[in-house]
Amino acid sequence: MTAVNGRVFNFSAGPAALPEVVLQQAADEMTNWRGCGAGVMELSHRSREFVSIAEQAEADLRELLGVPDNYSVLFLQGGATGQFGFVPLNLSRGFADANYVNTGQWSKKAITQASNYLNVHVAATGEESGFCHIPDESAWSVNPDAAYLHYTPNETIGGVEFGFVPDSAGLPLVADMSSTLLSRPVDVSRFGVIYAGAQKNIGPSGLTVVIVNRDLFGRAHDILPDAFNYESQDKAGSMLNTPPTYSWYIAGLVFNWLKSLGGIDAIAAINERKANKLYDVIDGSDYYSNPVKKDCRSWMNIPFICGDGSADDAFLSGATEAGLHTLKGHRSVGGMRASIYNAMPEEGVDALISYMQEFERTRT
Ligand SMILES: *Cc1c(COP(=O)(O)O)cnc(C)c1O
């Protein structure tokens, strides 16, 4: 059971599957982009050709997400992990503290990095449930004098996702959307900063998308390298230095693909259906289980185990043989994890479900 063209269904958490039509277009254009005589990787970032690619990608992303005009959209390097440090360095001059919500492993990493630059006030934590729930917002303690409130809308490892945008008590809201940006509608105007490593749901690794309200410029520390200063990169159109040009180009093809599907509302409906199908199979069986509280379950990353966990290895090797790849859970938690980002076709989820049902039948 494999997808067409010998390609497998790839459930990798990241770098993750890309839409096949995007890869095909990139292949067609690899050596000679639209008759210009060179491939995109070989073009100067200052060339007319690349500038047109970059501007189109930004315009399409703005359209898809409805980004307000007073927000900058940046195409940077350094990954989401880089932003764990660049966020405090960009936003906290004149402040001693920042609020962080701790909902799992990525939140924790953001907190650890931010602690190098300021006092982290943990406004809420899901630790007591083993990060299987989002703490009730009414019980959060947000320090109103802090620089901002940071949270992780989708915890890629734990499979915990916010179904709401928190109230930040007037503070700039900062979100690590690495594994959820473009999967469902988001009201960008509620946020001070949104950032995402591209390799989950946007494009190839090497690119980090940052969307920032320009009102927050002027809060950067002097020690922040210019290449990661939001204001400097905004002035330079993300070309203060050489940007990740090829990743930017592929991301642009992905944005175009999303537009052709009908935009974010259309992909969100598909994503919700894909996720619900899989959760229904897990919940409807006595064999599979997912530990996350129902109203906090991710549409993008779905961890599960078989029975007591002892058949996980057999499940995974059989899945690989069936063309269902990279279902192994994160090394820190084990079990399985199906990452079903935008590019995972619904047939891939259907194939996984058929395999799960057959595996359960032979094991119980
Ligand atoms: C993958 C991921 C990261 C790390 O991204 P890098 O680009 O590898 O630094 C951070 N946060 C979340 C939520 C992620 O899913």
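Residues numbered from 1 in each chain as written. Predicted model: local features only at pLDDT ≥ 70, side-chain atom pairs only at ≥ 80, totals over all residues. Heavy atoms only, no water.

Turning to the site of the ligand, a few remarks are in order. Every one of the 13 residues lining the ligand counts as a neighbour, but Thr-81, Thr-156, Asp-176, Gln-199 and Lys-200 are closest to it. Contact between the ligand and Thr-156: an oxygen atom at 2.4 Å from a side-chain N or O atom of the residue. At a separation of 2.6 Å, a nitrogen atom of the ligand approaches a polar side-chain atom of Asp-176. Tallying contributions element by element places helix 3 (residues 79-91) first for the shell around the ligand, with four residues. Partitioned by chemical class, the residues of the shell around the ligand number three nonpolar, eight polar and two charged. (Near = heavy atom within 4 Å. Polar contact = N/O pair within 3.5 Å; in protein donor to acceptor, adjacent residues only side chain to side chain. Helix = DSSP H or I, 4+ residues; strand = E, 2+ residues; numbered from the N terminus. Nonpolar A, V, L, I, M, F, W, Y, C, P; charged D, E, K, R; others polar.)

Let's shift gears to the sheet that holds strand 11 (residues 288-289). Pairing between the strands of a sheet is mediated by backbone hydrogen bonds and can be parallel or antiparallel. Within the open sheet, the three strands sit side by side as 11-12-14. Their pairing is antiparallel. The strands lining the two open edges of the sheet, one partner per strand, are strand 11 and strand 14 (336-339). Two elements, strand 11 and strand 12 (residues 301-306), share two bridges in a ladder whose sense is antiparallel. Its bridge partner lying in strand 12, Ser-289 is registered against Ile-305. Here helix 7 (residues 264-283) sits on the sheet and contacts strand 11, strand 12 and strand 14; the angle it forms with strand 12, its principal contact strand, is near 20°. This element, helix 8 (residues 312-321), spans strand 11, strand 12 and strand 14 of the sheet and lies at about 120° to strand 12. (Pairing = 2+ DSSP bridges. Contact = heavy atoms within 4.5 Å. Axes fitted to C-alpha atoms, helices over the stretch in contact; angles between N-to-C directions.)

Moving on, we get to the pattern of salt bridges. In total, this model carries 17 salt bridges according to the counting rule given. We note a salt bridge from Glu-63 to Lys-259, for which the minimum N-O separation is 3.3 Å. Within this pair, whereas Glu-63 is found in helix 2 (residues 48-65), its partner Lys-259 is found in helix 6 (residues 245-261), the two being separated by 196 residues in sequence. Taking relative accessible area as the criterion, Glu-63 reaches 55% and is therefore assigned exposed. Taking the shortest distance from any N to any O, the salt bridge between Asp-283 and Arg-297 comes out at 2.8 Å. In this pair, Asp-283 is assigned in helix 7 and Arg-297 in the loop between strand 11 and strand 12, connecting sequence segments 14 residues apart. Three or more residues are tied together by salt bridges with common partners; here these are Arg-273, Lys-277, Glu-346 and Asp-350. (Salt bridge = Lys/Arg side-chain N within 4 Å of Asp/Glu carboxyl O. Buried < 20%, exposed > 50% of the residue type's maximum accessible area, 1.4 Å probe, protein only.)

Caution applies to low-pLDDT parts of the model: their predicted coordinates are not meant to be read in detail. Taken over all residues, the pLDDT of the protein has a mean of 96, while the share at 70 or more is 99%. Mean pLDDT in the protein bottoms out at strand 11, which sits at 95, and peaks at strand 9 (residues 193-197), which reaches 99. (pLDDT = per-residue confidence, 0-100.)

Taken in spatial order, the seven strands line up as 2-10-9-8-5-3-4 in an open sheet, and their pairing is mixed. Whereas interior strands pair on both sides, the edge strands pair on one side only; in this sheet they are strand 2 (71-76) and strand 4 (119-125). Within this sheet the neighbouring strands show an average axis-to-axis angle of 20°, counted without direction. Bridging between strand 5 (residues 149-151) and strand 8 (residues 173-176) involves three bridges; their strand directions are parallel. Considered in strand 8, the bridge of Tyr-151 is made with Ala-175.

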